[in-house]
Each structure stands twice: as C-alpha cells, then as structure tokens.
Protein chains: 2
Amino acid sequence: MANTEQVTKAGEKALQGTQSLADRLFLSLRKDIVEGRMAAGSKISEPELARRFDASRGSLREALMRLDSLGLIERKVNVGARVVELSGRGLLELYDVREALEGMACRLAAENRSDADLAELRQMLERHQQQEELQAGTAYYQPEGDFDFHFRIVQASNNELLIDTLCNKLYYRVRMYRYQLGMASPRAHRAFREHSHIIEAIEAGDGELAEILMRRHIRASRSNIAKKLSNT
Amino acid sequence: MANTEQVTKAGEKALQGTQSLADRLFLSLRKDIVEGRMAAGSKISEPELARRFDASRGSLREALMRLDSLGLIERKVNVGARVVELSGRGLLELYDVREALEGMACRLAAENRSDADLAELRQMLERHQQQEELQAGTAYYQPEGDFDFHFRIVQASNNELLIDTLCNKLYYRVRMYRYQLGMASPRAHRAFREHSHIIEAIEAGDGELAEILMRRHIRASRSNIAKKLSNT
DNA sequence: ACACTAAAAAGTGTCGACAATCTTGATTTC
DNA sequence: GAAATCAAGATTGTCGACACTTTTTAGTGT
C-alpha cells in the first residue's frame, strides 16, 4: 500500500518551495516505490492514485512519465503502468554497471581531488570509524554508511554526467533492491577497511589504484550477492 | 528551426503502430534536437510547438518531460524549457562515462559471447573493411560505421541495464555532439584496426583484454578531441 | 535620459471532460 | 463442456479551458 500522506494541494499558497505538483508527486511516488510501499510488480491505476494524492490525472501522468524514465515503473500503451519487478539478474546487472561507473568516478576523484573533497572524505571516514567501534560491526554501518561513502566519492569525481547518472538515476534502483531484498550483508568490517584504502589512494592522487580498489570492492559485494542468490 | 513534418494526427485511424501521440512527439523532437534543427540553447515554447505539431499542450508536455529525463532539454518551473547547451567539458565528460560503460560492455560481451553475436560482429567487421577499402578511409566510415560498431558490442553485453543506459540514453547525446560539433575525426584507418583487435579479443573470450582495448580505443578518441578543443 | 512602477501580454501549471482502447464476464455456438 | 463472440465497464490517451507566474511593455516621475 502506498503512502497516504497528502501532497499539499495546488492553489494553496503554502510554501510549495518552487516545485510543481508533478514534481512533488514524482518525489513522493519514487519514495513509495523505493521503500516498497508500492509492491514490486503491482499495477498502477491512474484514477486511483490521482484520488489518493488529490491531484489531477494530468499531473500524475507527468510524474509517472518520469518514473518510467528512471526505470522504476514500466508503461505499456493503452494498458497501464506497473511497478518494476525485482530479480536476481537485475541486481547483478546493476552491480556490473556500478563497478564500471564508480570505478571511473573513483579514478576521476583521485585525479581531480580538491582540498575540500579530501577533507570531507577523511571526515566521513572518521565518523564511520567511530560508529563502527561503537556497535561492533553488526549492521548500522552498512545501509547508511556504505551509501554515504559511495555517494561522496561520486560527488568528488567532478563529472556532472557521471554524478547525475549514478546519484539521480541508478542509486534509486540500488536503494530499491536494498529495501526489498534486505541486503544488510555481513561485510561491515571488511567494507570499512576497503573504504579506508580507497580513500588513501585518492589522497595519494593514484587514480589507477583508486579505480582498481573500488572495482574490487564492488565486485566483492557482487560475489556475495551472487552466492546468496544461487543458494535459493 | 525545427522539423515541420507533421505527426499523424490523433484520431486518424492511420497506422499509428501502437505508439501514442506523445511517443511520436518525443521521437520527432529528439531527432530534431539531436540533428540540430532545434538549436542548442534555444528556448522552447509549448504553445508554439504544440501548434506546429498539431497536438495539444498536454501531449507535448509529456514528450518534453521525457526529453528532460534524457538530458536533451532543461526545464525550470514556471519559466520553461531550453535545448541543452553543448560544451567541450560536456563532451569530455561523455567520453569518460563511455569509456567506463563500454569497457564493461566489452568485457561482458567477451565473457558471455554467443555464436549469434560472434557471427554478427565478424560480419559487421567485414562489411566495414569493404567500405574502408572502397573509399580510402576518408570519412564515410567514421560516423555510421563507428557508431554501428559500438552499438553492436553493447548489444552483445547481454546486460539489459547497460544496453538501456548506453543505447537509449547516452548515445543520443553522443549523436548530438557528432552532428553539431562535426566530429569526423581522421582516425578512420586506425579506428578500424582497433575495432578488429577488440573483436578478436571477444572471440577469444578474453574479457580483460577486450575491456582494456575498448577503453584505450575510446580514450584515444577523447585525447583527439581534447587536443582539438585546447587549440580553440 | 534614466530609474522605478504598474498594467498587460505571454507562458506555464493544473484541471475536468470526452474519445479511443483494453479488460471482463456473460452469452452463444460447435 | 470448451472455445469463440459480443456487450458493458473500467482505464488510458487526448484535448481545451482556467488559474497562477513570469516577462514584457507602457507609463510616470525625477
């Protein structure tokens, strides 16, 4: 079932923060899909959703259009839209694409590193270290910490297209898999060490090494997943 | 100025090939933008475009929404849409992303190669060789042949996400730069030899080598572009 | 002549209604 | 009894109109 929280109605002068109703619908629906409140594979009824969000079908359709471009729903002409299905294959494909893109991001981050980026990365690492020491690597670190790490590395790549592709497109799919297949892998300790080494390579300005380490890091997660999937 | 060719009107029972009016508008506009009939950076007026294509603003807006997701136009709330600007930096960013993704595609193509894919690749290569011998590597080969090559390698990767990201998203941006900055580089001969070696690596099932060769191939083009840009 | 203000024109955002299409379930036919 | 047919209901695609914003233009005063 989807989020019942209503989006502020159009026309109300309330602080609509310079974003259109369709924008808010898009954001809200994206959240519902990613976090599993709209079940994967379930059909989407335009009239019903429009009523639930108290919006017109037109605005809703604009939001759906954008969800489609994100690959979070699938639309067929004259038939309708469904939330995308999750599959082991899809997850593995996602990891291969991430390996390629984040490897490159890491290389670029190392080659173009700025003092500001370095400071932030180092700071983040310390924060994660504290967190890890507090709760002996059980779980907390992985979902948020790991995401944080990858996100910031990509930001530091200084390549707008790369940043957009990963942070505004692919990562929503990643999050969807995390939420729904519950990927709290037991790699917390190891992942943290790998993160450390990657940031060291970036600090050293060694793009080639940084890329190799990042690719290995992602590939290790992939293997982990692949093993779990084959056990099912 | 944009394409004046009218899209078949809604309601006419003419063969509209199971695609909606918004779909056709999207395809038509994408073509106009990629091929430069809508100048980069120019403003887009919804009423005017709707009149020109003889469609309602609603359908047109759906098309614009999708062009926005493709990164071919930029929209600001309550202000409007503009065709995206081209820049040297943007082109170089594009090459870095392609290097990462097509490198991976090439690796996957080598690892998962099927007889059908191999046959097609080999066949394509022979076609290009004939073409190249005919017209001593002047120009014809590059735009179409090169595109063909990269396109088919990606198809052979067998990774839906990768295929979609490259063929349905990034390549339109590539084409746009090709058309408008006229990238008929004089690398035809060399490019053909490189293509040959890449396909050999794929045939041999050597994913690592195939990836390295593809990345080098793309990086060489990138250097070529970077040099030209710095001379301006 | 220049800056500022205010009206008007144009453009975008949103909505409700109609037309075309698909789906469902009952009816007919072999 | 199963397959094919057809009508009713629901859903999607498309449109034109209205409300609110932004931009342009005309006007006023210094």
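Quick caveat: nothing in here was measured; it's all calculated off a predicted structure.

Peer 1: Please explain the overall build of chain A as it appears in this structure.
Peer 2: Scanning chain A for helices and strands turns up nine helices and three strands. Scanning chain A from its N terminus toward the C terminus, one meets helices and strands in the order α-β-α-α-β-β-α-α-α-α-α-α. Within chain A, the proportion of its 232 residues that are buried is 51%. When the accessible surface of chain A is totalled, it reaches about 11400 Å², and 48% of it is carbon and sulfur.

Peer 1: Is there a simple way to think about the protein's contact with DNA strand C in this case?
Peer 2: Not every one of the 20 residues close to DNA strand C is listed here, only the nearest: L21(A), S56(A), N78(A), R57(B) and R61(B). Counted by atom, the contact set of DNA strand C within 4 Å of the protein is 71% sugar and phosphate. With respect to DNA strand C, the side chain of R57(B) contributes an N or O atom lying 2.8 Å from a base nitrogen. Of all the secondary-structure elements, those providing two or more residues to the surface near DNA strand C are α1 (21-34) of chain A together with β1 (43-44), α2 (46-53) and α3 (57-70) of chain B. Taken together, the residues of the surface near DNA strand C break down into nine nonpolar, six polar and five charged.

Peer 1: What should I look at first to understand the environment of S196(B) in this one?
Peer 2: By the element assignment, S196(B) lies in helix α8 (residues 188-203). Spatially, the C-alpha atoms of S196(B) and L229(B) are 28 Å apart, while their sequence positions differ by 33 residues.

Peer 1: Just to check I follow, could you spell out the protein's contact with DNA strand D for this structure?
Peer 2: Of all residues adjacent to DNA strand D, which total 19 residues, the nearest are P47(A), R57(A), R61(A), L21(B) and S56(B). Close to the protein, within 4 Å, the atoms of DNA strand D are drawn from sugar and phosphate at a rate of 71%. S59(B) is positioned with one of its side-chain polar atoms (N or O) 3.2 Å from a phosphate oxygen of DNA strand D. The set of elements that each furnish at least two residues to the surface near DNA strand D consists of β1 (43-44), α2 (46-53) and α3 (57-70) of chain A together with α1 (21-34) of chain B. In the surface near DNA strand D, the residues fall into eight nonpolar, six polar and five charged.

Peer 1: In this structure, what is going on with the pairing of strand β2 (residues 73-76) of chain B? I would like to understand it.
Peer 2: Successive residues of a regular strand alternate their side chains across the two faces of the sheet. Residues and elements named next belong to chain B. Where β2 lies against strand β3 (residues 80-83), four bridges are found, and the strand directions are antiparallel. Considered in β3, the bridge of K76 is made with G80. The hairpin turn running from β2 into β3, its antiparallel successor, is three residues long, and N78 in that turn takes a positive phi close to 60°.

Peer 1: Would you mind showing me how to read the environment of L29(A) here?
Peer 2: Residues and elements named next belong to chain A. Looking at the element boundaries, L29 is found in helix α1. Counting along the chain gives 24 residues from L29 to F53, while the straight-line C-alpha distance between them is 9.9 Å. Contacts of L29, omitting those with residues within four sequence positions, involve M38, L49, F53, L60, A63, L64 and L67.

Peer 1: Would you explain helix α4 (residues 88-111) of chain A in this entry?
Peer 2: Two residues of an α-helix separated by three or four positions point the same way, owing to the 3.6 residues in each turn. With 24 residues, α4(A) should reach 34 Å at 1.5 Å per residue; the first-to-last C-alpha distance of 35 Å fits that figure. The buried count for α4(A) comes to 21 of 24 residues, which makes it a mostly enclosed element.

Peer 1: How should the relation of the copies chain A and chain B be read in this particular structure?
Peer 2: The relation between the two chain copies is a rotation about an axis coupled with a shift along that axis. Once chain A has been moved 0.0 Å along the axis and rotated by 180°, it coincides with chain B to within an RMSD of 0.0 Å. Accordingly, the operation relating the two chain copies is best matched by a two-fold axis. The C-alpha atom lying nearest the rotation axis in chain A is that of A100(A); the distance is 2.5 Å. A share of 100% of interface residues in chain A that are also interface residues in chain B marks the association as one of identical surfaces.

Peer 1: So what exactly am I meant to see when it comes to the pattern of salt bridges here?
Peer 2: Side-chain pairing between opposite charges can occur once the charged atoms of the two side chains come close. All names here are of chain B. Throughout the structure, instances matching the rule amount to 42 salt bridges over all chains. Measuring nitrogen to oxygen at the nearest pair gives 3.2 Å for the salt bridge that ties R190 to E194. With a gap of four residues between them, R190 and E194 both fall in helix α8, about one helical turn apart. Looking at R190, the relative accessible area reads 42%, which means it is partly exposed.

Peer 1: What is the right way to look at the packing of aromatic side chains in this model?
Peer 2: The geometry of an aromatic ring pair is captured by two quantities: the separation of the ring centres and the angle between the planes. Enumeration according to the criterion identifies three aromatic pairs over all chains in this entry. Measuring from ring centre to ring centre gives 6.5 Å for F151(B) and Y171(B), while their planes differ by 35°; the resulting arrangement is tilted. Placement of the pair is F151(B) in helix α6 (residues 141-155) and Y171(B) in helix α7 (residues 160-181), with a sequence separation of 20 residues. Since its relative accessible area comes to 29%, F151(B) is described here as partly exposed. Three or more aromatic residues joined by ring pairs form one cluster here, namely F147(B), F151(B) and Y171(B). For the cation-ring pair, R66(A) lies above F26(A), with the distance from its terminal atom to the ring centre recorded as 4.4 Å.

Peer 1: Just to check I follow, could you spell out the sheet that holds strand β3 (residues 80-83) of chain A for this structure?
Peer 2: Consider a sheet: its strands pair through backbone hydrogen bonds, and that pairing is either parallel or antiparallel. Residues and elements named next belong to chain A. Strand order in this open sheet of three strands is β1-β3-β2, and the pairing throughout is antiparallel. Taken across any chain shown, the strands that pair with only one partner, and hence form the sheet edges, are β1 and β2 (73-76). The pairing of β1 with β3 spans two bridges and is classified as antiparallel. Residue pairing across strands places K43 opposite R82, the latter belonging to β3. Strands in contact with α3 are β1 and β2; relative to β2, the strand with the most contacts, it is inclined by about 110°.

Quick notes on the rules
Residues numbered from 1 in each chain as written. Chains lettered and ligands numbered in written order. Predicted model: local features only at pLDDT ≥ 70, side-chain atom pairs only at ≥ 80, totals over all residues. Heavy atoms only, no water. Helix = DSSP H or I, 4+ residues; strand = E, 2+ residues; numbered from the N terminus. Buried < 20%, exposed > 50% of the residue type's maximum accessible area, 1.4 Å probe, protein only. Areas by Shrake-Rupley, 256 points an atom, 1.4 Å probe, with all protein chains shown as cover. Near = heavy atom within 4 Å. Polar contact = N/O pair within 3.5 Å; in protein donor to acceptor, adjacent residues only side chain to side chain. Nonpolar A, V, L, I, M, F, W, Y, C, P; charged D, E, K, R; others polar. Pairing = 2+ DSSP bridges. Contact = heavy atoms within 4.5 Å. Expected span 1.5 Å × (residues − 1). Least-squares fit on C-alpha atoms with pLDDT ≥ 70 in both. Salt bridge = Lys/Arg side-chain N within 4 Å of Asp/Glu carboxyl O. Phe/Tyr/Trp six-rings, centres within 6.5 Å; stacked < 30°, edge-to-face > 60°. Lys NZ or Arg CZ within 6 Å of the ring centre and 35° of its normal. Axes fitted to C-alpha atoms, helices over the stretch in contact; angles between N-to-C directions.

These results come straight from atomic positions and should not be treated as a statement about function.
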